[in-house]
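Structural overview for review
So you can see what is in the structure, the chains are spelled out below.
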Amino acid sequence: MSTNQFIKLFLQAQEKNLLEDIELVRQHTKESITKHNARPADDGMWPPKVFSEELQKSYGVNSPVEWIKNNGRKTIAELERQLKKVKGDMKFGRKSKLADKITPEMIEKAKAFPIEQLVEVNKQGFTKCFEHNDKKPSVYCKKNFLHCFVCNKSWDTIAVLVERDGISFKEAVLKLQ
Ligand SMILES: [Zn+2]
């Protein structure tokens, strides 16, 4: 999977989660307010921006927004802001900050990705070198590293993708998650 495909899928998943969260908060707020026989506020707003006195007593908060926060949820406005950003990222093909952030854990995980899945290793544990014109396999595979006895060079999983496929370090780490 290319990095662009990865980011596209990542953003699509984020968009789906946010839409589901918004629907959940919306339903939950409506249900809770209906259950307590709340009437629209004086200005006719529904759901009310501020709870009635009765509801304020029953919830211990002044408004649906406060109530949502107290329940550890984000408000619809906050979720919609996030969604707008995700949609923007999708539209402009920009990398989301989250997808862009490489953590030490991600690097460790990338290095632990089975190297045999990136190169074809024979029964003797050898593969052909991608750096020189290799007639017979002269690259030895051990402990998730490759070593070429002709070039006298070693590669880990990330280096294989960077040097063989010509992608960036960041792209390689993302690809190996
Ligand atoms: Zn070589």
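This one's a predicted model, so the numbers in the text were calculated from it and none came from an experiment.

For the protein chain, the count of helices and strands is eight helices and four strands. Ordering the α and β elements of the protein chain from the N terminus gives α-α-α-α-α-α-β-β-β-β-α-α. For the protein chain, with 177 residues in total, the buried portion stands at 18%. Counted over contacts in the protein chain with a minimum sequence separation of 6, partners at least 24 positions apart contribute 43%.

In this section: the nonpolar core. Of all hydrophobic cores here, the largest spans eight residues; its members are Ala 110, Phe 113, Ile 158, Leu 161, Ala 172, Val 173, Leu 174 and Leu 176. Elements that contribute at least two residues to this core include exactly helix H7 (157-165) and helix H8 (169-175). Broken down by element, this core gets its largest block of residues, three residues, from H8. Those residues within four positions of Ala 110 in sequence are excluded, and the remaining contacts are Thr 157, Ile 158, Ala 172, Val 173, Leu 176 and Gln 177. The next biggest cluster of nonpolar side chains, apart from the first, holds six residues, and it includes Ile 115, Cys 129, Cys 148 and Trp 155.

So, on to the sheet that holds strand E2 (residues 139-142). Judged by pairing direction, the sheet is antiparallel, and its four strands sit side by side in the order E1-E2-E3-E4 without closing on themselves. The outermost strands of the open sheet, each flanked by one partner alone, are strand E1 (126-127) and strand E4 (153-155).

This next bit is on the pairing of strand E3 (residues 145-148). Consecutive residues of a regular strand have side chains that alternate between opposite faces of the sheet. Burial along E3 is one-sided: the face carrying Leu 146 and Cys 148 is buried and the face carrying Phe 145 and His 147 is not. With four bridges connecting them, E2 and E3 associate as antiparallel partners. Bridging from a neighbouring strand, Cys 141 pairs with Leu 146 of E3. Remark: two residues form the turn of the hairpin made by E2 and E3, two consecutive strands paired antiparallel; Lys 143 in that turn has positive phi of roughly 50 degrees. Bridge count for E3 against E4 is three bridges, and the pairing is antiparallel. Across the sheet, His 147 pairs through a bridge with Ser 154, a residue of E4. Linkage of E3 to E4, two consecutive antiparallel strands, is achieved through a turn of four residues, within which Asn 152 is found at a positive phi near 55 degrees.

We now examine the confidence of the model for the protein chain. Considering every residue of the protein chain, the mean pLDDT works out to 80; 79% of them sit at 70 or more. For the protein chain, per-element mean pLDDT is lowest for helix H5 (residues 97-100), which scores 55, and highest for E1, which scores 96.

Of note, Asn 144 is a non-glycine position whose phi angle comes to about 65 degrees, a positive value. As for its position among the elements, Asn 144 is in the loop between E2 and E3. Of note, Asn 152 is a non-glycine position whose phi angle comes to about 55 degrees, a positive value. One can find Asn 152 in the loop between E3 and E4.

With 17 residues, helix H4 (residues 76-92) extends 24 Å between its outermost C-alpha atoms, agreeing within 8% with the 24 Å of an ideal straight helix rising 1.5 Å per residue. Listed in full, the buried residues belonging to H4 are Leu 79, Val 86 and Asp 89. The buried residues of H4 all sit within an arc of 80 degrees when viewed along its axis, so they share a single face. Structural note: H4 exposes Ala 77, Lys 84, Gly 88, Lys 91 and Phe 92 on the side pointing more than 90 degrees away from its buried face.

The next point concerns the pairing of E2. Here E1 pairs with E2 via two bridges, running antiparallel. Bridge pairing links Phe 126 to Tyr 140 in E2.

Before going further, it helps to examine the environment of Gly 125. Residue placement: Gly 125 occurs in the loop between helix H6 (104-112) and E1. Through-space distance from the C-alpha of Gly 125 to that of Pro 137 is 9.4 Å; in sequence the pair is twelve residues apart. In this structure Gly 125 touches Tyr 140, Cys 141 and Lys 142, once residues within four positions along its chain are discounted.

Definitions and limits used
- Residues numbered from 1 in each chain as written.
- Predicted model: local features only at pLDDT ≥ 70, side-chain atom pairs only at ≥ 80, totals over all residues.
- Helix = DSSP H or I, 4+ residues; strand = E, 2+ residues; numbered from the N terminus.
- Buried ≥ 20, exposed ≤ 12 C-beta atoms within 10 Å, placed from the backbone.
- Contact = placed C-beta atoms within 7 Å.
- Core = buried A, V, L, I, M, F, W, Y, C linked by C-beta atoms within 7 Å.
- Pairing = 2+ DSSP bridges.
- pLDDT = per-residue confidence, 0-100.
- Expected span 1.5 Å × (residues − 1).
- Arc of directions from axis to C-beta.

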